There are 2 protein chains.
Amino acid sequence: MTGNSRFAVSVHILAYLAYRQGAAVPSAEIAASVDTNPVVIRRLLSGLVKAGLVHTQKGASGGFSLAAPLDQITLRDIYRAAEPAPTHGMAHFAPNTKCPVGAKIEAILHTAFVKAQAGMEAELALVTLASIHEQLRPVCPGSKKP
Amino acid sequence: MTGNSRFAVSVHILAYLAYRQGAAVPSAEIAASVDTNPVVIRRLLSGLVKAGLVHTQKGASGGFSLAAPLDQITLRDIYRAAEPAPTHGMAHFAPNTKCPVGAKIEAILHTAFVKAQAGMEAELALVTLASIHEQLRPVCPGSKKP
DNA sequence: CCAACCGTAACACCGTTAGTTACATTAAGC
DNA sequence: GCTTAATGTAACTAACGGTGTTACGGTTGG
């Protein structure tokens, strides 16, 4: 695949936790909703826990639950927790610095990328988990397992 | 690598063509500036030509040159010509549609991605090739090969 | 004619991601 | 305490995309 689905799956995970309304949800249950392996879910949750978005409880009858109110978690928070630092392909972009263009293009591109990234994250910041939960609401009367 | 460098290299290519001021530039010369293989350059240029940003001339003493004024080419144009349609990881994201969350999350995510993409492209649209050429200007008095 | 150049196919290599198995650790409930 | 259910993480495989490279046919100026 061209990109990774880390962000998309992470949003799904948090939406699912919102749907389950604070219960301690095991990774296997989330995995069933995403249709993947529980380890994949736990790997992503590891980052979400480190970012303070999710609370974790070990042991029997343990699981994951949201660590903040729905309206205080935005897609930007999730994006930053899920994705590694964006390189925009600059990682392996090493132009010939003996050429006048190659010597300066990198800094110019970096500036443009930072602005583009900011523009994207500004849009993501407008969407809260609460609004996503609201969109899901007509379909989830109670809090049932899949 | 986390991402691809198609966009970064494409901008470099167009900046180089601007630097060479309308001359027919062979792919090997551009490749020397980017420090890569000429075929890689020609592959990317293929897309730029199709997008109408670059003019190509086959045969001896042929090469590539800009097909539009510097102030009418923005980073967004280059981005769209260089990158394939953005999937945002949705390509391999196929949640369990039997789960209420899995069934609706895809549409919600797609909407958010479209907005995020638009926010990013709006920033890219503000940067023209003319402004990049201007930033390169102090360093390129004439039009010399590297 | 020939030398230079484009266009593209074919291929190998490498890094990333997803998926999977395995196992140590932790904690609730009896 | 023992059992059971769960997290956390390492290790491995398979698949995929991107880059770099060689090769070669087509085109054109001199």
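Relevant structure appears above.
So, a few notes on the structure that sits alongside this text.

Cut-offs and rules
- Residues numbered from 1 in each chain as written.
- Chains lettered and ligands numbered in written order.
- Predicted model: local features only at pLDDT ≥ 70, side-chain atom pairs only at ≥ 80, totals over all residues.
- Heavy atoms only, no water.
- Least-squares fit on C-alpha atoms with pLDDT ≥ 70 in both.
- Contact = heavy atoms within 4.5 Å.
- Buried < 20%, exposed > 50% of the residue type's maximum accessible area, 1.4 Å probe, protein only.
- Helix = DSSP H or I, 4+ residues; strand = E, 2+ residues; numbered from the N terminus.
- Arc of directions from axis to C-beta.
- Salt bridge = Lys/Arg side-chain N within 4 Å of Asp/Glu carboxyl O.
- Polar contact = N/O pair within 3.5 Å; in protein donor to acceptor, adjacent residues only side chain to side chain.

1. Considerations on the relation of the copies chain A and chain B
(1) Moving on: For the pair chain A and chain B, the superposition axis carries a translation of 0.0 Å, the fit reaches an RMSD of 0.1 Å, and the rotation angle comes to 180°. Taken together, the rotation and translation relating the two chain copies correspond to the operation of a two-fold axis.
(2) Moving on: Same-surface contact between copies: 98% of interface residues of chain A are shared with the interface of chain B.

2. Comments concerning helix α6 (residues 129-136) of chain A
(1) Moving on: Of the positions making up α6 of chain A, those classed as buried are L129, I132, H133 and L136 of chain A. The arc that holds every buried residue of α6 of chain A, seen down its axis, measures 100°, which confines them to one face.
(2) Moving on: Elements in contact with the buried residues of α6 of chain A: α1 (6-19), β2 (63-66) and α4 (75-82) of chain A together with α5 (100-124) of chain B.

3. So, the pattern of salt bridges
Residue and element names in this part refer to chain A.
(1) Moving on: Counting across every chain of the model gives four salt bridges over all chains.
(2) Moving on: R80 is the salt-bridge partner of E121, the closest N and O atoms lying 2.6 Å from each other. Remark: R80 occurs in helix α4 and E121 occurs in helix α5 (residues 100-124); sequence separation between them is 41 residues.

4. Quick word on the side chain of S10 of chain A
All names here are of chain A.
(1) Moving on: In this fold, S10 is placed in helix α1.
(2) Moving on: On the accessibility criterion, S10 (0% relative accessible area) is buried.
(3) Moving on: Among the polar contacts made by the side chain of S10, one reaches the main-chain carbonyl oxygen of R6 at a distance of 2.7 Å.
(4) Moving on: Excluding residues within four positions of it along the chain, S10 makes contact with L44, L48, I78 and A82.

5. Some points on the side chain of T74 of chain B
Residue and element names in this part refer to chain B.
(1) Moving on: By the element assignment, T74 lies in the loop between β2 (63-66) and α4 (75-82).
(2) Moving on: Relative accessible area serves as the criterion here: at 13%, T74 is assigned to the buried category.
(3) Moving on: If sequence neighbours within four positions are ignored, T74 has contacts with L124, A125, V127 and T128.

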